[in-house]
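As a plain string of letters, each chain reads:
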Amino acid sequence: MAKKKKEWNAKALILGLVGLIAAAALLVILLQSGGEEAEPPATEATLPAPAANPYTEGDFYEAGGFIHCSAADAKTGIDVSSHQEEIDWAAVKNAGVEYAMIRVGWRGYSEGGLNIDIYAEDNLRGALEAGLPVGVYFYSQAISVEEAREEAELVLNFIKDWEITYPVVFDWEWIGGDARTAQTDSRTVTDCTLAFCQAVEAAGYTPAFYFNQSMARDTFRLRELQQFDFWLAQYNEAMTFDYDVDMWQYTCTGRVDGISTDVDINLCFKDYETNEGK
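Only a predicted model underlies this, so the values are computations on that prediction, with no experimental measurement involved. (Residues numbered from 1 in each chain as written. Predicted model: local features only at pLDDT ≥ 70, side-chain atom pairs only at ≥ 80, totals over all residues. Heavy atoms only, no water.)

Here we come to the overall build of the chain. Looking only at helices and strands, the chain has 7 helices and 11 strands in total. Here the chain, with 278 residues, has 44% of them falling under the buried criterion. For the chain, the proportion of contacts with a sequence separation of at least 24, taken over those separated by at least 6, is 63%. About 14700 Å² of surface is accessible on the chain, with carbon and sulfur atoms providing 51% of the total. (Helix = DSSP H or I, 4+ residues; strand = E, 2+ residues; numbered from the N terminus. Buried < 20%, exposed > 50% of the residue type's maximum accessible area, 1.4 Å probe, protein only. Contact = heavy atoms within 4.5 Å. Areas by Shrake-Rupley, 256 points an atom, 1.4 Å probe, with all protein chains shown as cover.)

So, in structure tokens, the structure goes:
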């Protein structure tokens, strides 16, 4: 019995020492952190809202066939794809267009294959030779982070030999019930946007993503994405979105010399050519 008691006392002593060591380690951690518990990771509910729209409806006016903003040195631009077919870029510039956003490609909405826009190279060359700064976009139908990264890799490989000063844009849009994206949720779309934009940023370009008002409300988690530039589609005579945006697509039925079809027209509030803020 005496031997067992000694063994028990030895075990108790060891357990006591272990407890003291653990307590000391916890005390060190608490002292290093100021005695505060670690903050939980930020969520959409706890993150701050994006900056508010600084413009009023009265800041916008029409002149020369384009909408302008009296409160900012905003530039007029177009975004184009194979839908516009051949473009006379010299005529486009002479018409008053100051930059161009060019589609590099798209992912199919039924089988998910990747495609290069057949006019992408001609449009990049034509716009640059006409003296217009350019950015690019990819029409995404990604349903996973892996697919979004695949799209970013395609775009980055395509543009590596071109002078891109405007953003490289993730353009994810809803198609309809027969699309492979039909059941994609907000979390997935936001994660895909993060993956694409982070890859673009890592490559040294300015990342941005495109959305309309309903997608801003129901699809994209803007609080989680506000480190990237916003490109808003709102077909209106004034930009009245709640938040500040970097580019505003105000019509999809614009007419510009040098283009035989309707074309999207945009107003850019950020000076990408000098890489300065608004």
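In this structure the tally under the stated criterion is 13 salt bridges. Two residues, Arg125 and Glu121, come together in a salt bridge whose shortest N-O distance is 2.9 Å. Of the two residues, Arg125 and Glu121 are both situated in helix α3 (residues 120–129); the distance of 4 residues between them amounts to about one turn of the helix. Overall, the relative accessible area of 40% leaves Glu121 in the partly exposed class. Arg255 is paired through a salt bridge with Asp262; the nearest N and O atoms lie 2.9 Å apart. A relative accessible area of 36% means that Asp262 is categorised as partly exposed. Bridged by salt links that share partners, the residues Arg107, Glu147, Glu150, Glu151 and Arg180 form one connected network. (Salt bridge = Lys/Arg side-chain N within 4 Å of Asp/Glu carboxyl O.)

Quick look at the nonpolar core now. In terms of nonpolar packing, the biggest core is built from 62 residues, with Phe60, Ile78, Trp89, Phe211 and Trp248 touching the most fellow members. At 7 residues, helix α5 (residues 186–202) tops the list of elements feeding residues into this core. Not counting chain neighbours up to four residues away, the residues in contact with Trp89 comprise Ile78, Val80, Ala100, Asp122, Asn123, Gly126, Ala127, Ala130 and Leu132. (Core = buried A, V, L, I, M, F, W, Y, C linked by side-chain atoms within 4.5 Å.)

Attention shifts here to unusual backbone geometry. Phi is positive for Glu85, which is not a glycine, with a value near 55°. Position of Glu85 relative to the elements: it lies in the loop between β3 (75–80) and α2 (89–94). The class for Glu85 is partly exposed, based on a relative accessible area of 45%.

Now for the side chain of Asp171. Among the structural elements, Asp171 can be located in strand β7 (residues 168–172). Excluding anything up to four places from it in sequence, Asp171 contacts Tyr137, Phe138, Tyr139, Ser140 and Tyr210.

Let's shift gears to the confidence of the model for the chain. Do not read the predicted coordinates in detail wherever pLDDT is low. Confidence along the chain averages 89 in pLDDT terms, with 83% of residues attaining 70 or more. Confidence drops under a pLDDT of 50 for residues 1–31, and excluding neighbours within four residues, the segment shows 1 contact in the predicted structure. For the stretch residues 33–38, pLDDT sits under 50, and the model shows 1 contact to residues farther than four places along the chain or on other chains. (pLDDT = per-residue confidence, 0-100.)

This paragraph deals with the packing of aromatic side chains. For the coordinates displayed, the defined rule picks out 18 aromatic pairs. Measuring from ring centre to ring centre gives 5.0 Å for Tyr166 and Tyr272, while their planes differ by 50°; the resulting arrangement is tilted. Here Tyr166 is found in the loop between α4 (145–159) and β7, whereas its partner Tyr272 is found in the segment after β11 (263–268), with 106 residues between them in sequence. In terms of burial, Tyr166 and Tyr272 fall into one category: buried. Chaining the aromatic ring pairs together yields one cluster made of Phe209, Phe211, Phe220, Phe230, Phe241 and Tyr243. (Phe/Tyr/Trp six-rings, centres within 6.5 Å; stacked < 30°, edge-to-face > 60°.)

In this model, the largest pocket occupies a volume close to 320 Å³. Within the residue set of the lining of the largest pocket, elements represented by two or more residues are β3, β4 (99–107), β6 (134–140) and β10 (247–254). In terms of residue class, the lining of the largest pocket is built from 8 nonpolar, 4 polar and 5 charged. Here the second largest pocket defines a volume of roughly 220 Å³. Ranked by the residues each element gives to the lining of the second largest pocket, the list is headed by helix α6 (residues 213–218), at 4 residues. Of the residues belonging to the lining of the second largest pocket, the class tally is 6 nonpolar, 3 polar and 6 charged. (1 Å grid on protein atoms, 1.4 Å probe; cavity = no way out; pocket = protein on both sides within 12 Å on 5 of 7 lines; lining within 4 Å. Points joined across faces, edges and corners; volume = space filled by probe spheres on them. Nonpolar A, V, L, I, M, F, W, Y, C, P; charged D, E, K, R; others polar.)

What follows is about the packing of α4 against α5. As a packed pair, α4 and α5 sit with axes 8 Å apart at the nearest point and diverge in direction by 30°. Comparing the axis directions of α4 and α5 gives the class roughly parallel. Crossing of α4 over α5 shows right-handed handedness. In this structure, α4 contributes Val145, Ala148, Arg149, Glu151, Ala152, Val155 and Leu156 to the contact, and α5 contributes Asp191, Cys192, Ala195, Phe196, Ala199 and Val200. In the contact of α4 with α5, the residues fall into 10 nonpolar, no polar and 3 charged. (Axes fitted to C-alpha atoms, helices over the stretch in contact; angles between N-to-C directions. Parallel < 35°, antiparallel > 145°, perpendicular 65-115°, else oblique. Left-handed = near helix turned anticlockwise from the far one by under 90°.)

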